[in-house]
Amino acid sequence: MKKILLLILFTIALGISSQAQPSKKSVSFTDRKIELSGGTVTVQFRVDIGKRAAAGGRTLIYEPVLTNGTYRWSLPPVIIQGARARVAQSRHDWAAGHAIVYDNPKYAGNGSMLIYNAAAPWQLWMHGADLVIEGLDMGCCSESIISPLVVAENLDLPPVRRTVVEEVEVTEIVELPKTTGDLLAETVSYVRHASEMDSFEPGQLSDEDREGSLTVYFRQANLKVDPEVGDNYRTLTDMLGSIRRLQDSPDSRVSHVVVAGFASPEGSFDSNDRLAWNRAVAIKDYLLRNSDVPADRIQLYNGSEDWRGLYLQVEKSDLYDKSQILDIIDNVPIWDPVRKTGREKELMKLDGGRTYRYLYEHFFPKLRNAAYIKIYYENK
């Protein structure tokens, strides 16, 4: 009787223990922490991987994505695979003649734990967005989509609020002599006093902001700051000359340099969004190499696909179907997930594709740029 009782108790205890253990095939994402600091969104969470999560020679790819349904920013993926999967992947790459390249991936194995850390440049649409984990189960001969997992909803990532300083009335106005910065601002349109930066808000770039700015052009899908493209040599020379004049003056100095990067609309939105940001970063790197402006005084803005720039070009043109193009840009979303179409596809339908080919050849090259560069100064 005692043996039977002990056997029953052992069986119950074993059942409770097995229920408390996570599934050996599961992958869980916990302890998430998402913060906005200094224009950068940092994402952190814990990944617990079961001992048999990636079965056989298969590879699991989990990609964290910040999205609001219209815009999205993909973060580096978590890739889970065993030794057999790595061998299979090598064979696949050899047979295909090229390797699959991921953006700064985080590798992990079955039965391990990973603390995930990544960052993204803050953009206005990220306030109220969700953090979603999108998954893919890949093998040598097949692949399947893993149901997306919402890790965090309606993120609280508000724009930076500016402090408004109350104006004080003065009884006497004394006209001070003009400084180097004041005189430079009167002669070139891209130099402005620091007080005028109040018109520039993160996530917003008005037509007035574009006017008078410097423009550095890039080759298609390229990040190199090339002086031989377009009028870049003169633009870069003017930019560095104005910065040095301010920095060497006894009465003025550079307060900030604001750089906005853009991409033309052809291709995928995700790729263009990254390309636009990295073009702004390329201008910043160029400034750091060729001037003494500190890194924290260079403010970057991601203009993404420059649909507004295309609109302004078309509006000034004499294209016969101008009204149709402007109507598409105004009323068709960049991408409609329900209809599986968007602005670029709708433009491709006009005149049997001839309109899109003309825009691609004559208008899009002017959108591959860091199209907004202005230098702001302060007086000593």
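The structure this text deals with has already been given above.
Residues numbered from 1 in each chain as written. Predicted model: local features only at pLDDT ≥ 70, side-chain atom pairs only at ≥ 80, totals over all residues. Heavy atoms only, no water.

(A) Layout of the sheet that holds strand 7 (residues 113-121). Taken in spatial order, the three strands of this open sheet run 1-2-7, and their pairing is antiparallel. The sheet is open, and its two borders are formed by strand 1 (27-37) and strand 7, each paired with just one other strand. This sheet shows a mean twist of 15° between the axes of neighbouring strands, independent of strand direction. Strand direction decides the pairing type here: strand 1 and strand 2 (residues 40-49), joined by nine bridges, are antiparallel. Note that in strand 2 the partner of Ile34 across the bridge is Val43. (Pairing = 2+ DSSP bridges. Helix = DSSP H or I, 4+ residues; strand = E, 2+ residues; numbered from the N terminus. Axes fitted to C-alpha atoms, helices over the stretch in contact; angles between N-to-C directions.)

(B) Up close: the packing of helix 3 (residues 180-187) against helix 5 (residues 232-247). Two elements in contact, helix 3 and helix 5, have axes separated by 9 Å at closest approach and are oriented at 155°. Taken together, the axes of helix 3 and helix 5 lie roughly antiparallel to each other. Of the two elements, helix 3 crosses helix 5, and the hand of that crossing is right-handed. Between helix 3 and helix 5, the contacting residues are Thr180, Gly181 and Leu184 on the first element and Ser242, Arg245 and Leu246 on the second. Partitioned by chemical class, the residues of the contact of helix 3 with helix 5 number two nonpolar, three polar and one charged. (Parallel < 35°, antiparallel > 145°, perpendicular 65-115°, else oblique. Left-handed = near helix turned anticlockwise from the far one by under 90°. Contact = heavy atoms within 4.5 Å. Nonpolar A, V, L, I, M, F, W, Y, C, P; charged D, E, K, R; others polar.)

(C) Molecular detail of helix 10 (residues 354-362). Every buried residue of helix 10 is accounted for by Thr355, Tyr356 and Leu359. Projected down its long axis, helix 10 carries its buried residues within an arc of 95°, all on one side. The inward-facing, buried residues of helix 10 abut helix 7 (307-316), helix 8 (322-331) and helix 9 (343-349). (Buried < 20%, exposed > 50% of the residue type's maximum accessible area, 1.4 Å probe, protein only. Arc of directions from axis to C-beta.)

(D) Layout of the packing of aromatic side chains. Under the definition given, this model contains eight aromatic pairs. Taking 5.3 Å as the distance between ring centres and 65° as the angle between the ring planes, the aromatic pair formed by Phe29 and Tyr62 counts as edge-to-face. Taken together, the residues span a long stretch of sequence, with Phe29 in strand 1 and Tyr62 in strand 3 (residues 59-67) at a distance of 33 residues. Residue Phe29 shares its accessibility class with Tyr62, and that shared class is buried. When the centroid spacing of 6.0 Å and the interplanar angle of 55° are considered together, the rings of Tyr358 and Phe363 count as tilted. A connected cluster of aromatic rings, assembled from ring pairs, spans Phe29, Phe45, Tyr62 and Tyr116. Between the NZ or CZ atom of Arg274 and the centre of the ring of Trp73, over which it lies, the distance is 5.2 Å. Cation over ring: Arg343 sits above Trp307, and NZ or CZ is 5.3 Å from the ring centre. (Phe/Tyr/Trp six-rings, centres within 6.5 Å; stacked < 30°, edge-to-face > 60°. Lys NZ or Arg CZ within 6 Å of the ring centre and 35° of its normal.)

(E) Spatial organisation of the pattern of salt bridges. In total, this model carries 13 salt bridges according to the counting rule given. We note a salt bridge from Arg219 to Asp226, for which the minimum N-O separation is 3.2 Å. Relative accessible area serves as the criterion here: at 45%, Arg219 is assigned to the partly exposed category. Under the relative-accessibility criterion, Asp226 is labelled buried at 13%. Through salt bridges with shared partners, a single ionic network connects Arg72, Glu134 and Asp270. (Salt bridge = Lys/Arg side-chain N within 4 Å of Asp/Glu carboxyl O.)

(F) Examining the layout of surface pockets more closely. Space inside the second largest pocket adds up to approximately 460 Å³. What lines the second largest pocket is a set of 20 residues, among which Thr70, Arg72, Phe269, Ile334 and Trp335 lie closest to the centre. Going through the elements one at a time, helix 6 (269-290) and helix 9 are the ones with two or more residues in the lining of the second largest pocket. In terms of residue class, the lining of the second largest pocket is made up of seven nonpolar, six polar and seven charged. (1 Å grid on protein atoms, 1.4 Å probe; cavity = no way out; pocket = protein on both sides within 12 Å on 5 of 7 lines; lining within 4 Å. Points joined across faces, edges and corners; volume = space filled by probe spheres on them.)

(G) The packing of helix 5 against helix 6, seen in detail. As a packed pair, helix 5 and helix 6 sit with axes 11 Å apart at the nearest point and diverge in direction by 50°. With respect to helix 6, the element helix 5 is oriented oblique. The crossing of helix 5 and helix 6 is right-handed. Contacts between helix 5 and helix 6 involve Leu236, Met239, Leu240, Ile243 and Arg244 on the former and, on the latter, Tyr286, Leu287 and Asn290. Within the contact of helix 5 with helix 6, the residues separate by chemical class into six nonpolar, one polar and one charged.

(H) Broad picture of the pairing of strand 9 (residues 143-152). Bridge count between strand 8 (residues 130-138) and strand 9: seven bridges; the pairing is antiparallel. Considered in strand 9, the bridge of Gly135 is made with Ile146. Between the end of strand 8 and the start of strand 9, which pair antiparallel, lie four residues.

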